There are 2 protein chains.
Amino acid sequence: MSAPIDFYFDFSSPYGYLLSEKIDALAAKYGRQVRWHPILLGVIFKATGSAPLTLQNPAKAAYSLLDFERSARFMGIPYRQPSKFPLATQNAARAYYWLDDEDCALARRFAHAVFRALYVDDRDISAPETVLEIAANLGVDRSLLETALQSPAIKARLKDEVDQAMQAGVFGLPYVVIDDQVFFGADRLPQIEKWLESGGF
Amino acid sequence: MSAPIDFYFDFSSPYGYLLSEKIDALAAKYGRQVRWHPILLGVIFKATGSAPLTLQNPAKAAYSLLDFERSARFMGIPYRQPSKFPLATQNAARAYYWLDDEDCALARRFAHAVFRALYVDDRDISAPETVLEIAANLGVDRSLLETALQSPAIKARLKDEVDQAMQAGVFGLPYVVIDDQVFFGADRLPQIEKWLESGGF
């Protein structure tokens, strides 16, 4: 069994959503597992002096909105530009790690549900209530999660995950690592597939 | 006959080189011509507050160098990272427009030769002598071109081309326009092909 693939993303990143809809099936095709790492793009932007695509110059911002939707159509993935965007994803990411410690398959279902709540149903996933509702719909004990989201431990956990990612060299998202080979951006999916297929090229 | 495709690039951009090796044949497959527009990425960076990939944070710079070479291998295009990079491309771009006014097919051959001189043979294409030598090898009168490169007219021409591109919304390179649909980056080549094939998606 080959080593797992690492997939770093922010729930607020459209290209992260697009990759999230493809990466597990692609990895499975080549006998690989994927470790998901929801982190905070805002922290990375601050460290690297960058900014969200839609808050850069007007022409690039307008293009980015067009490209999110066109890339989704190209990849056969449903997409609707969220009315609140970009938005804070700390609550969703903390809930992910809390669930992942108990049941990684459940955490994966939760992550897909969060992405789809934002990019299909235009829900405000920055709100704790939305995150709790998404988890509850998957059978999670709402009050246990609500308490956990307030705990210093889970806040420290997410901070650690972000710090570790940055120490590992993550400079932007989505960011995929396969056997020390880095792929940045959902548009590197064809290269990811070729790499998995041929063990390098 | 459908309208020509517009292809904006800087001779110093690796992704522009990669696209330059594919765009004409792809367009021809769908009965289209391509208008090439060498412009100056540095002017766009200044206007948009951006910077070359390899002069951004160290992790992103290192990744970019890796990605240039890997993307070239993925696309089946020879590539060697130039020792002088990025570099000024005013002379090459001015020579292009001067040639294009006389013989557009010759200008196209010159553009390919400039890109390959930089990305295959590691030549310093910022030097006027290199540009003159490349043109002379294609049968161009070296002294006529040398004189032309010093003329205020050709300097104004390149400035106009850059201004027009920016007025048209070009915010980065390479940048392709097909029937008012914009595609940014060599990695949008599969979307460009699908768009040409199906007339939109």
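This write-up is about the structure you can find in this document. All of these numbers come straight from a predicted model, not from anything done at the bench.

What counts, and at which threshold
Counting starts from 1 at the beginning of each chain's written sequence and moves along it residue by residue. The order in which chains are written sets their letters, starting at A; the order in which ligands are written sets their numbers, starting at 1. Side-chain atom pairs in this predicted model are given and counted only at pLDDT of 80 or more, local residue features only at pLDDT of at least 70, and totals for whole chains, interfaces and linings cover all residues. The basis for every side-chain value is the complete set of non-hydrogen atoms in the structure, without hydrogens or water. The superposition of copies rests on a least-squares fit of C-alpha positions from residues with pLDDT of 70 or more in both. Residues are treated as being in contact if the distance between any of their heavy atoms lies within 4.5 Å. For two strands to pair, DSSP has to find at least two bridges joining them. Helix and strand definitions here come from DSSP, where helices need a minimum of 4 consecutive H or I residues and strands a minimum of 2 consecutive E residues; each element is numbered from the N-terminal end. For helices, the axis comes from a line fit to the C-alpha atoms of the stretch in contact; other axes are also lines fit to C-alpha atoms, and the angle between any two N-to-C directions lies between 0 and 180 degrees. For a helix, the expected span equals 1.5 Å multiplied by the residue count minus one. Working definition: rings of Phe, Tyr and Trp (its six-membered ring) pair if their centres are within 6.5 Å, and the pair is stacked with planes under 30 degrees apart, edge-to-face with planes over 60 apart, and tilted otherwise. Exposure categories follow from relative accessible area, calculated using a 1.4 Å probe and restricted to protein chains: below 20% of the type maximum is buried, above 50% is exposed, and the middle band is partly exposed. Charge-over-ring contacts are defined here by two conditions on Lys NZ or Arg CZ: a distance within 6 Å of the ring centre and an angle within 35 degrees of the ring normal.

A word on the relation of the copies chain A and chain B
Think of it as a corkscrew move, a rotation about one axis and a shift along it, taking one chain copy to the other.
Here's step 1: When chain A is fitted onto chain B, the two copies agree to an RMSD of 0.0 Å after a turn of 180 degrees and an axial shift of 0.0 Å. In short, the pair behaves as if placed about a two-fold rotation axis. Among all residues of chain A, the one whose C-alpha sits closest to the rotation axis is D187(A), at a distance of 3.2 Å.
Here's step 2: Interface overlap between copies is the fraction of interface residues in one copy that are interface residues in the other; for chain A against chain B it reaches 100%, indicating a shared surface.

Things to note about the sheet that holds strand 1 (residues 5-9) of chain B
Residue and element names in this part refer to chain B.
Here's step 1: On the basis of which strands lie adjacent, the open sheet formed by four strands has the order 2-1-3-4 and mixed pairing. Looking at strand neighbours, the two that pair on one side only are strand 2 (34-38) and strand 4 (181-184), the edges of this open sheet. Averaged over all pairs of adjacent strands, the angle between strand axes in this sheet comes to 15 degrees, irrespective of strand direction.
Here's step 2: Sheet topology note: the strand 1/strand 3 (residues 175-178) ladder contains three bridges and is antiparallel. Considered in strand 3, the bridge of D6 is made with V177.
Here's step 3: Strands strand 1 and strand 2 of the sheet are contacted by helix 6 (residues 104-119), whose axis makes an angle of about 50 degrees with strand 2.

Overview of the sheet that holds strand 3 (residues 175-178) of chain A
Residue and element names in this part refer to chain A.
Here's step 1: Pairing is mixed across the open sheet formed by four strands, whose spatial order is 2-1-3-4. The open sheet terminates on both sides in strands that have one partner only, identified here as strand 2 (34-38) and strand 4 (181-184). Each adjacent strand pair in this sheet contributes to an overall mean axis angle of 15 degrees, direction not counted.
Here's step 2: Looking at chain direction, strand 3 and strand 4 are connected through four bridges and run antiparallel. Within strand 4, the residue paired with V177 across the bridge is V182.

With respect to helix 4 (residues 58-75) of chain B
Here's step 1: The end-to-end C-alpha separation of helix 4 of chain B is 26 Å, in line with the 26 Å expected for 18 residues at 1.5 Å each.
Here's step 2: Looking at the buried residues of helix 4 of chain B, the elements they touch are strand 4 and helix 10 (189-198) of chain A together with helix 1 (14-20) and helix 10 (189-198) of chain B.
Here's step 3: G76(B) lies just past helix 4 of chain B and shows a positive phi near 70 degrees.

Structural notes on the packing of aromatic side chains
Here's step 1: Applying the stated rule across the entire model yields 46 aromatic pairs over all chains.
Here's step 2: Taking 5.4 Å as the distance between ring centres and 45 degrees as the angle between the ring planes, the aromatic pair formed by F171(A) and Y63(B) counts as tilted. With F171(A) in the loop between helix 9 (152-167) and strand 3 and Y63(B) in helix 4, this pair bridges two chains. There is no split in this pair, since F171(A) and Y63(B) are both buried.
Here's step 3: By way of ring pairs, the aromatic residues F7(A), F9(A), F11(A), Y15(A), Y17(A), W36(A), F68(A), Y79(A), F85(A), F115(A) and Y119(A) are connected into one cluster.
Here's step 4: Taking the ring centre of F201(A) as reference, the NZ or CZ of K194(A) above it sits at 5.2 Å.

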